Amino acid sequence: MEAEGVGGESSKLRILVATDCHLGYLEKDELRRSDSFDTFEEILSLAKQHKVDFLLLGGNLFHESKPSRLTMVKTMEILRQRCFDDRPVRFQVVSDQAASLHSRFRRVNFEDPNLKVGLPVFTIHGDHDEPIGVDNVSPIDILSASGLVNYFGKVDLGSSGTGQISLHPVLIKKGATSVALYGLGNVRDARLSRMFQTPDAVRWMQPEDLEDMPLSEWFNIFVLHQNRTKASPDNGINERLLPCFLDLVIWGHEHECLVDPEEVPGMGFHITQPGSSVATSLTSAEAKQKHVLLLEIKGMKYRPAKIPLKTVRPFEYAKVVLEDQADVNLYDEASVLAHLDKVVGNLIEKNNRTTGDGSAPKLPLVRIKVDYSGFSTINPQQFGQKYVGKVANPQDIIVFSRSAKRHQNTRDNTDGSEDLYPNGLDPHMVEAQLAESNLKMQILSPCDLNTALHVFVNKDDGKAFHSCLQKNVEEAKNKLTAGAVDFKIEDEEEMLHELGQCMQAAAAGATETAEESSQNLIAVAASTGAPPLSAFEELKCSSSDQDRDAHGESDELVEAISDDGEIGDRRRLASGKRPAGASWGASPAASSSWRRKTDLQASFRRIPPAAAKEDEEEDGGAKKSGRPDPHVPWRYGAVRKRS
């Protein structure tokens, strides 16, 4: 950072930087509904007053991902009124705009011949106005399609694995000054932290790869919208994960105003945190004076200048420890109320600021954080009723907390919420449930389920899970069909001809196999002098014996069965041997007089029709005698009907 020697208007690039405007915040509150719009209009007027080349926003332009129609209309009216004029734009974009900007027109709005843009606006999205739904649309896309802003830094990570992104810079030139503007919209902190630590997960397309200029001649700016690491790496991004070739990092999402650039030791770049332009969480960090940053860049040098915002509603903050107050009695609630009334009165008297346009002063915001350790609490709503018309937030002037000595394991508040406010969602809730249930998701991604849960709870999006399901199913379909080879029939007649030849070859092979089997059967019959049927039985018996020998089966008992069905003596037959008196030329009765118990096809014998009929009658009688008659009088109370 250099503060001197910046001259030459033809090569000086002037940029006004602001973050977290939160348009539409508390739009249903009669007193505070216009606060965000008043300050946003002041920022645009400051841009014109200081004759900047463009306005750079660091995310969360809107407070909700689905802003109301009133909020959208007022935003478009302000942008059209303040940004459209005949003032010429004195810089040019030399990079591939289709790769860095997210618009179907594939160019910046001031190059559109149908628009007269005098103040270009470049912006990324934040965690409040992030793209949602199946089509991944943000309210910033609406402004971009209308030609009001230039939207960059939008990436699609997919739903499986860590993901991979490529950051294409917007290359800006003005005279001898060359600026590479990188942008990345809000990504879940835990996932982005893993991506920065994974090789080649984040690809930085450097200017030397895109233009015929060395990297040392480009001033590199990176705009992001994330939590800064305070305790756990899953709750923020470590600034040391960023590449060293950057010169200036503009950090959005943090509402505390730390606009003066601070150097990161050993990294070679500076970080500026402009903070929010409207107080959305009444904490000590937001009680500081709000500013925007004016950057003047020439060559590789830049000069920062902070400009205070005058239309911000005044905010007074105080902390009270009841046990340290001499005029407070532990057993007297009236003394507690009297002391708190005194503190609120002093804060109201302290507030003597007025708005920048000379109008009547705005009612201040007042917040008192009360440590009630050892005391009982009072009703904050009842306490604030006496200050209606004196402060802008009478319903939540007081917030109670306990001493830190009793909460040694409580981490510092990093997101601006108070001690007694409910904690946010656990970023690993879905992963923990899946691990506990031992479920392995193959189509749905736990990361996308976490995001859908966050959007459903915090942003009241009833279609969050439906969008997550559709997105993952589409990606699974694309993966399954990615490696498929298209099959095209060029000549239908040729294909039919080849198919016919294949069928004929298969039929010929089957015929040859059948003829070969017949020849083998005839040869066996000729060698043994037995009929072909007996030879067939011989082949079956030999194959059965071979199978038994292969599996190591022992000898089995067989029964000699006569033609009359009488059971003869049991004999033990060795494997592969026939009993005495059994030959292939013997009568059917003799040939069927032995068989295995477990082999149903080892022997064949003809049963005389009379014997078969007797057997059927015996079987039928047995079945009939064994089954109870359903018409017996004692069965289920049934009575036999007389014919």
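The residue numbering used here restarts from 1 in each chain and proceeds along that chain's sequence as written. Selection of residues for local features in this predicted model requires a pLDDT of at least 70, selection of side-chain atom pairs for listing and counting requires 80 or more, and totals for whole chains, interfaces and linings are taken over all residues. Side-chain descriptors were evaluated using all non-hydrogen atoms of the structure, hydrogens and water having been removed beforehand.

What am I meant to see in the packing of aromatic side chains here?
Two measures describe an aromatic ring pair: the distance that separates the ring centres and the angle between the ring planes. Note on aromatic contacts: the rings of Phe and Tyr and the six-membered ring of Trp form a pair at centre separations within 6.5 Å, being stacked when their planes are under 30 degrees apart, edge-to-face when over 60 apart, and tilted otherwise. A complete count under the given rule lists twelve aromatic pairs for this structure. For the pair Tyr 182 and Phe 245, a centre-to-centre distance of 6.0 Å together with 70° between the ring planes defines the contact as edge-to-face. With Tyr 182 in strand 8 (residues 177–184) and Phe 245 in the loop between strand 10 (219–225) and strand 11 (248–252), this residue pair connects regions lying 63 residues apart in the sequence. Across the pair, Phe 245 and Tyr 182 agree in class, each one buried. For the ring pair Phe 315 and Tyr 317, a centre distance of 6.4 Å and an interplane angle of 70° mean the geometry is edge-to-face. Criterion for a charge above a ring: Arg CZ or Lys NZ at most 6 Å from the ring centre, at most 35 degrees from the ring normal. Over the ring of Trp 251 we find Arg 228; its NZ or CZ atom is 5.1 Å from the centre of that ring. The secondary structure listing takes helices from DSSP runs of H or I that are at least 4 residues long and strands from runs of E that are at least 2 residues long, numbered from the N terminus. Buried, partly exposed and exposed residues are distinguished by accessible area as a fraction of the type maximum, computed with a 1.4 Å probe on protein chains only: under 20%, between the cut-offs, and over 50%, respectively.

Sorry, what's going on with the sheet that holds strand 3 (residues 92–93) here?
Two orientations exist for strands paired in a sheet by backbone hydrogen bonds: parallel and antiparallel. Note on pairing: DSSP must find at least two bridges between two strands before they are called paired. Spatially, the seven strands line up as an open sheet ordered 3-7-8-10-11-13-12, and their pairing is mixed. Where the open sheet ends on each side, the last strands, each with one partner, are strand 3 and strand 12 (258–263). As paired strands, strand 3 and strand 7 (residues 170–174) are joined by two bridges and run antiparallel to one another. Across the sheet, Gln 92 pairs through a bridge with Lys 173, a residue of strand 7.

Can you help me understand the confidence of the model for the protein chain in this one?
Residue-level confidence of the predictor is summarised by pLDDT, bounded by 0 at the bottom and 100 at the top. In this model, the protein chain carries a mean pLDDT of 77, and residues with pLDDT of at least 70 account for 66%. Contacts for the low-pLDDT stretch residues 406–424, under 50 throughout, to residues beyond four places or in other chains number 22 contacts. We call two residues in contact whenever any of their non-hydrogen atoms come within 4.5 Å of each other. In this model, residues 550–606 is a region of pLDDT below 50 whose contacts with residues beyond four sequence positions or in other chains number 66 contacts.

Please explain empty space enclosed by the protein as it appears in this structure.
If a probe as big as a water molecule is rolled over the atoms, it shows which places are left empty. A 1.4 Å probe that fits but cannot get out identifies a cavity on a 1 Å grid over protein atoms alone, an open set with protein on both sides within 12 Å along at least five of seven lines counts as a pocket, and a residue lines either if it has an atom within 4 Å of a point. Grid points are joined across faces, edges and corners, and a volume is the space filled by probe spheres set on the points. Per the counting criterion, the structure on display carries three cavities of 30 Å³ or more. The space that makes up the second largest cavity amounts to roughly 70 Å³. Lining the second largest cavity are Tyr 25, Leu 26, Arg 32, Asp 35, Val 278, Ala 279, Val 312, Arg 313 and Leu 365. Nonpolar residues are Ala, Val, Leu, Ile, Met, Phe, Trp, Tyr, Cys and Pro. Charged residues are Asp, Glu, Lys and Arg, and all others, Gly as well, are polar. Classifying every residue of the lining of the second largest cavity by side-chain character gives six nonpolar, no polar and three charged.

Would you take a moment to explain a nonpolar patch on the surface for this structure?
Candidate patch residues must exceed 30% relative accessible area and have no salt bridge, after which like charges are joined if within 9 Å and Val, Leu, Ile, Met, Phe, Trp or Tyr side chains if within 5 Å. All accessible areas in this document rest on Shrake-Rupley with a 1.4 Å probe, and a residue is counted as covered only by the protein chains that are shown. A pairing counts as a salt bridge when a side-chain nitrogen of Lys or Arg comes within 4 Å of a carboxyl oxygen of Asp or Glu. On the surface, Phe 456, Val 457 and Phe 465 cluster together into a nonpolar patch covering about 260 Å² of accessible area. Looking at the secondary structure, you find Phe 456 in helix 10 (residues 446–458).

Quick question: what am I supposed to make of helix 1 (residues 35–49) here?
A helix is expected to span 1.5 Å for every residue after the first. Given a rise of 1.5 Å per residue, 15 residues ought to cover 21 Å, and the 21 Å separating the end C-alpha atoms of helix 1 matches this to within 8%. Along its buried surface, helix 1 packs onto strand 1 (13–18), strand 2 (54–57), helix 2 (69–83), strand 14 (291–298) and strand 15 (301–308). Looking one or two residues beyond helix 1, the residue adopting positive phi is Lys 51, at roughly 50°.

Would you explain the side chain of His 255 in this entry?
Mapped onto the secondary structure, His 255 falls in the loop between strand 11 and strand 12. Under the rule applied, a polar contact is a pair of N or O atoms within 3.5 Å (in protein, one hydrogen donor and one hydrogen acceptor; residues adjacent in sequence only if both atoms are side-chain atoms). A polar atom in the side chain of His 255 sits 3.0 Å from the side chain of Glu 286. Those residues in contact with His 255, other than ones at most four positions away along the chain, are Asp 20, His 22, Gly 275, Ser 276, Val 278, Thr 280, Glu 286 and Lys 290.

I keep staring at the sheet that holds strand 16 (residues 315–321) and nothing clicks. Help me out?
Read across the sheet, three strands follow the order 16-17-18 without closing on themselves; strand pairing throughout is parallel. In this open sheet, the two strands that pair with only one neighbour each are strand 16 and strand 18 (398–401). In this sheet, neighbouring strand axes are inclined to one another by 20° on average, regardless of whether the strands run parallel or antiparallel. Where helices are involved, their axes are fitted lines through C-alpha atoms of the stretch in contact, as for all axes, and angles between N-to-C directions lie from 0 to 180°.

How should I be thinking about the environment of Leu 157 in this particular structure?
Structurally, the position occupied by Leu 157 is in the loop between strand 5 (150–151) and strand 6 (165–167). By relative accessible area, which is 15% here, Leu 157 ends up buried. Residues Leu 157 and Arg 191, 34 residues apart in the sequence, show an inter-C-alpha distance of 9.9 Å. Discounting chain neighbours no more than four positions away, the residues touching Leu 157 are Gly 163, Ile 165, Val 187, Arg 191 and Met 195.

Teacher, can you tell me more about the pattern of salt bridges here?
When their charged atoms lie close together, side chains carrying opposite charge are able to pair. In this structure the tally under the stated criterion is 20 salt bridges. Put simply, Asp 86 and Lys 116 hold a salt bridge, and the shortest N to O gap is 3.9 Å. One end of the pair, Asp 86, is in the loop between helix 2 and strand 3; the other, Lys 116, is in the loop between helix 3 (97–100) and strand 4 (121–123), with 30 residues separating them in the sequence. The exposure classification of Asp 86 matches that of Lys 116, with both residues exposed. A single salt-bridge network, built from bridges that share partners, covers Lys 12, Arg 14, Glu 296 and Arg 303.

For this particular structure, what's the right way to read the nonpolar core?
Nonpolar side chains in soluble globular proteins tend to be buried together. We define a nonpolar core as any set of buried Ala, Val, Leu, Ile, Met, Phe, Trp, Tyr and Cys residues linked to one another through side-chain atoms lying within 4.5 Å. Formed by 31 residues in total, the largest nonpolar core has its most connected members in Leu 16, Phe 40 and Leu 61. When contributions to this core are tallied by element, the ones reaching two or more residues are strand 1, helix 1, strand 2, helix 2, helix 4 (139–145) and strand 14. Counting 29 residues, the second-largest nonpolar core is a separate cluster that includes Val 93, Phe 152, Phe 219 and Ile 250.

Quick question: what am I supposed to make of helix 2 here?
Helical geometry note: an α-helix holds 3.6 residues per turn, so side chains three or four residues apart project in the same direction. Here helix 2 contains 15 residues, and its C-alpha end-to-end distance of 21 Å stays within 8% of the 21 Å for a straight helix at 1.5 Å per residue. Residues Thr 71, Met 72, Thr 75, Ile 78, Leu 79 and Cys 83 constitute the buried set of helix 2. Axial view of helix 2: buried residues confined to an arc of 130°, hence all on one face. Opposite its buried face, helix 2 presents the exposed residues Arg 69, Glu 77, Arg 80 and Gln 81, each directed more than 90 degrees away. On its buried face, helix 2 is in contact with helix 1, strand 4 and helix 4. To be clear, the arc concerns the directions from the helix axis to the C-beta atoms.

What's the story with the pairing of strand 10 in this structure? I'm lost.
Note on strand geometry: in a regular strand, side chains alternate between the two faces of the sheet. The buried fraction of strand 10 amounts to seven of the seven residues, a majority that puts the element mostly inside the structure. Covered by surrounding structure in strand 10 are Phe 219, Ile 221, Val 223 and His 225 together with Asn 220, Phe 222 and Leu 224, the residues of both alternating faces. Across six bridges, the pairing between strand 8 and strand 10 is parallel. Across the sheet, residue Val 179 finds its bridge partner in strand 10, namely Phe 219. As judged from the five bridges shared by strand 10 and strand 11, these two strands associate in the parallel manner.

It is not clear to me how the environment of Tyr 151 should be interpreted in this structure. Could you clarify?
Locating Tyr 151 in the fold gives a position in strand 5. Placed 32 residues apart in sequence, Tyr 151 and Gly 183 show a C-alpha to C-alpha distance of 9.6 Å. With residues up to four places along the chain from it excluded, the contact list for Tyr 151 reads Ser 100, Leu 101, His 102, Thr 123, Ile 124, His 125, Pro 131, Ser 138, Ile 140, Asp 141 and Ser 144. In this structure the side chain of Tyr 151 is engaged in a polar contact, spanning 2.7 Å, whose partner is the side chain of His 125.

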